[in-house]
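Chain by chain, the residues:
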Amino acid sequence: MSQENIKRRVVITGMGLATPLGYNVETVWTRICNGESGVIALTDGVHSLFRSKIAGLCSDFSTEKYLLAKDAKKMERFTQLAYTSAIDAVEHSGLDFSKEDLYRCGVIIGCGVGGLDEIETQQDRLRQHGASRISPFTIPKIMLNAAGSHISIHYGIHGPVYGIATACASANNAMIDSFKLIRDNEVDLVITGGTEAAVSELGIAGFVAMRALSERNDEPAKASRPFDKDRDGFVIAEGAGILIFEELEHAKKRRAKIYAEVLGYGMTTDACHITQPDKEGIAAGYAMAATLRSASLRPDQVDYINAHGTSTILGDLAEVAAIKRVFGNMAYSVAISSTKSEIGHLLGGSGGVELIFSILAMRDHVVPPTINLENPDPECDLDFTPLVAKEKRINSVISNSFGFGGHNACIAIGRFDE
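Residues numbered from 1 in each chain as written. Predicted model: local features only at pLDDT ≥ 70, side-chain atom pairs only at ≥ 80, totals over all residues. Heavy atoms only, no water.

K.L.:
Quick rundown of the nonpolar core? Include the residues and the values.
P.N.:
Counting 47 residues, the largest nonpolar core has Ile12, Leu243, Phe245 and Ile413 as the members making the most contacts within it. Broken down by element, this core gets its largest block of residues, eight residues, from helix H13 (residues 350-364). Each residue touching isoleucine 12, except ones within four places of it in the same chain, is listed here: Leu243, Ile244, Phe245, Lys257, Ile258, Tyr259, Ala260, Val262, Leu355, Ile359 and Ile413. Within the second largest apolar cluster, 32 residues are counted, among which are Phe78, Val90, Ala146 and Leu189. (Core = buried A, V, L, I, M, F, W, Y, C linked by side-chain atoms within 4.5 Å. Buried < 20%, exposed > 50% of the residue type's maximum accessible area, 1.4 Å probe, protein only. Helix = DSSP H or I, 4+ residues; strand = E, 2+ residues; numbered from the N terminus. Contact = heavy atoms within 4.5 Å.)

What follows is the structure in structure tokens.
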């Protein structure tokens, strides 16, 4: 085989995140395994007008140790969340970009919605005070590629830098692109993952109008309940999950700690409805099957599935159908859970955070719980790890992300083995 046809191995060497349960990777993971919820009530006057009055917020988030105040003001919140998480991930990885070929590095960040807060703010200014009062930073703040661009500017990265928007599959699609670029020898490492900060008036009002959000306002911590028969919609949340994808030999040469290996991926589109999934899970199942083929895994070799599991009626049923379609009888023996039960749904940022949780589950041989799964939907009859975490030997994981528009994107990771 010629050198150019050799597919290079891709590993994960750093992680950083921002979630409704905190910002330190180990602390957040402990809280996830303990079954804590980061979903809270929205008590301000504006949000109290909506039917859904709950969300997962990064309540005490601050850019103070990462940015000067004047520079932070030039970034929308979704960019700030990605930027700070990226810095944490780079520090976690031990990377020193002064020693890197910056044309062999990239930044690919997924985001589904972008700068809704800034759009609302500037629209209000336009209506109340006229065009002369619009901020010159409006467009640079709301554009979806802003997160990756600011990260690249910070580190001086000259390789591929772009954003991906495939709704709630955005982060997974970004990480899949990163994997392919490294595997095919176009770059040596990529800062990748996803971010979202759509807990705004427009964001909530839009999802409420679709009747997509949970209205369990009197019990915020119990509102996100994937696969439970009493679920009534997802809980909107904000945050970011950023990882360092790196070529194996490059990582070994700098003696980096390797947390997992990226084994494969699958991508499809339902092509049936702009928001509703295919209830038979056909294309989603095809994406999972493609992931198994890409990763050279048999169904019985998958130890854990981090489900998309949003807590919507149709979405959960479609995912169950997809898993059964791919795994057959093995579907009843694989461990599955939805960590959205604890932090809500980060939309385009969800895949990055969930891949981090998948890595830690594999590292610690612990399946995180699906909290609030008190009354399982009879049609959701798989092992969704209800209420409490469980110990299990985990050597390989599939992480699912499915988004509006019919986008399906799955990633397989495995324990690093020389």
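Alright, that's what it looks like, and here's the rest.
K.L.:
So what's going on with the pattern of salt bridges? Residues and values would help.
P.N.:
Per the counting criterion, the structure on display carries 26 salt bridges. One salt bridge in this structure joins glutamate 118 and lysine 141, with 3.0 Å as the shortest N-O distance. Residue glutamate 118 is located in helix H4 (residues 116-129), and its partner lysine 141 is located in helix H5 (residues 138-142); the two are separated by 23 residues in the primary sequence. A relative accessible area of 8% places glutamate 118 in the buried class. Judged by relative accessible area, lysine 141 falls into the buried class, the value being 11%. Of the charged contacts in the structure, one is a salt bridge between aspartate 364 and arginine 363, with a shortest N-O distance of 2.8 Å. Of the residues examined, arginine 363 reaches a relative accessible area of 33% and is grouped as partly exposed. A single salt-bridge network, built from bridges that share partners, covers Lys222, Arg225, Asp228 and Glu374. (Salt bridge = Lys/Arg side-chain N within 4 Å of Asp/Glu carboxyl O.)

Everything listed is a geometric property; what it means functionally is a separate question.
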